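Each chain, letter by letter, is given below.
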Amino acid sequence: MAQASMLIPPNPQFFDNNGNPLASGTLYFYDPGTSNPKSVYSDSSGAVPIGTQITLDSAGRGKIWLVGYYKVVCKDSLGTTVWTEDNVSSAFSPATSAAVVMNQWSSQALAFTFIGPTQFSVPGDQSTVFLVGSRIKATVTAGTITGAITGVSVGGGPIITTITVQWDLSQALDAGLSAVWTGLLSIP
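Summarised in this report is the structure supplied together with it.

Parameters at a glance
Residues numbered from 1 in each chain as written. Predicted model: local features only at pLDDT ≥ 70, side-chain atom pairs only at ≥ 80, totals over all residues. Heavy atoms only, no water. Helix = DSSP H or I, 4+ residues; strand = E, 2+ residues; numbered from the N terminus. Buried < 20%, exposed > 50% of the residue type's maximum accessible area, 1.4 Å probe, protein only. Pairing = 2+ DSSP bridges. Axes fitted to C-alpha atoms, helices over the stretch in contact; angles between N-to-C directions. Phe/Tyr/Trp six-rings, centres within 6.5 Å; stacked < 30°, edge-to-face > 60°.

One can find G143 in strand β13 (residues 143-155). We classify G143 as partly exposed; its relative accessible area is 22%. Along the primary structure G143 and G176 are separated by 33 residues, whereas in three dimensions their C-alpha atoms are 9.3 Å apart.

Moving on: the sheet that holds strand β5 (residues 53-55). One open sheet accounts for four strands, arranged β5-β2-β7-β8; its pairing is antiparallel. Looking at the sheet topology across the chains shown, the edges are occupied by β5 and β8 (81-88). Pairs of neighbouring strands in the sheet enclose a mean axial angle of 15°, with direction left out of account. Pairing analysis gives three bridges linking strand β2 (residues 26-30) to β5, with the strands arranged antiparallel. What sits directly across from T26, in β5, is T55.

The subject of this paragraph is the sheet that holds strand β10 (residues 113-116). The strand order across the open sheet formed by seven strands is β9-β15-β12-β13-β14-β11-β10, and the pairing between neighbours is antiparallel. Each end of this open sheet is capped by a strand with a single partner; those strands are β9 (105-108) and β10. Averaged over all pairs of adjacent strands, the angle between their axes in this sheet comes to 35°, without regard to strand direction. Here strand β12 (residues 135-140) pairs with strand β15 (residues 179-183) via four bridges, running antiparallel. Across the sheet, residue A138 finds its bridge partner in β15, namely V180.

Scanning all chains against the criterion turns up three aromatic pairs. Ring plane angle 70° and centroid distance 6.1 Å describe the contact between F112 and F120, whose orientation is recorded as edge-to-face. This pair shows no difference in class: F112 is buried, exactly as F120 is. Look at F120 and F130: their rings are 5.9 Å apart centre to centre, the planes differ by 80°, and that puts the pair in the edge-to-face class. On the criterion of sequence distance, the pair formed by F120 in strand β11 (residues 119-123) and F130 in the loop between β11 and β12 is long-range, its members being 10 residues apart. Of the two residues, F120 and F130, neither departs from the other in class, the shared state being buried. The rings of F112, F120 and F130 are connected pair by pair, giving a single aromatic cluster.

Structural data, given as structure tokens:
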């Protein structure tokens with residue numbers, strides 16, 4: 001029997017592209033890089049499979065235990081794909097092959113507005129997506145940069161969320177900001 005580990009973070013909450021909880025959304029699980037369904041489990045023993053798709057509750061949450069690596073497709077309650085990630089696992093799952101590497105990043109499909117070298121904003125209240133202390137990755141004119149979120153503020157009319165980041169290695173945002181990912185893992 002395989003040892004399973006929980007999808008990080010415990011009892012994760014998923015959101016739509018507007019930052020609202022993905023009520024009654026569905027997660028589909030596949031073998032990495034394929035469309036072959038792969039089971040997830042009800043607890044850490046990895047003994048009780050609960051299927052290859054999970055419907056989230058009204059808060060967009062689901063308790064899911066993984067064995068190895070997966071391709072995950074997240075859809076809203078109408079069946080529209082919100083995001084797809086490959087090679088997803090928890091921090092403790094064994095690799096299925098030496099070529100598989102854990103993807104710790106979750107792509108954020110939002111409209112990003114460059115404010116300055118350490119700040120950008122997104123529409124709506126995204127304070128549950130962008131958390132102080134979380135790792136962040138962004139694509140800018142010079143390439144990909146990484147850092148840690150140091151501040152999040154919500155306000156205005158219409159409501160926007162402003163994210164402040166301390167970038168690694170003297171990196172900085174620029175007007176070429178085109179993509180942002182949040183870290184699934186926190187680094188102390």
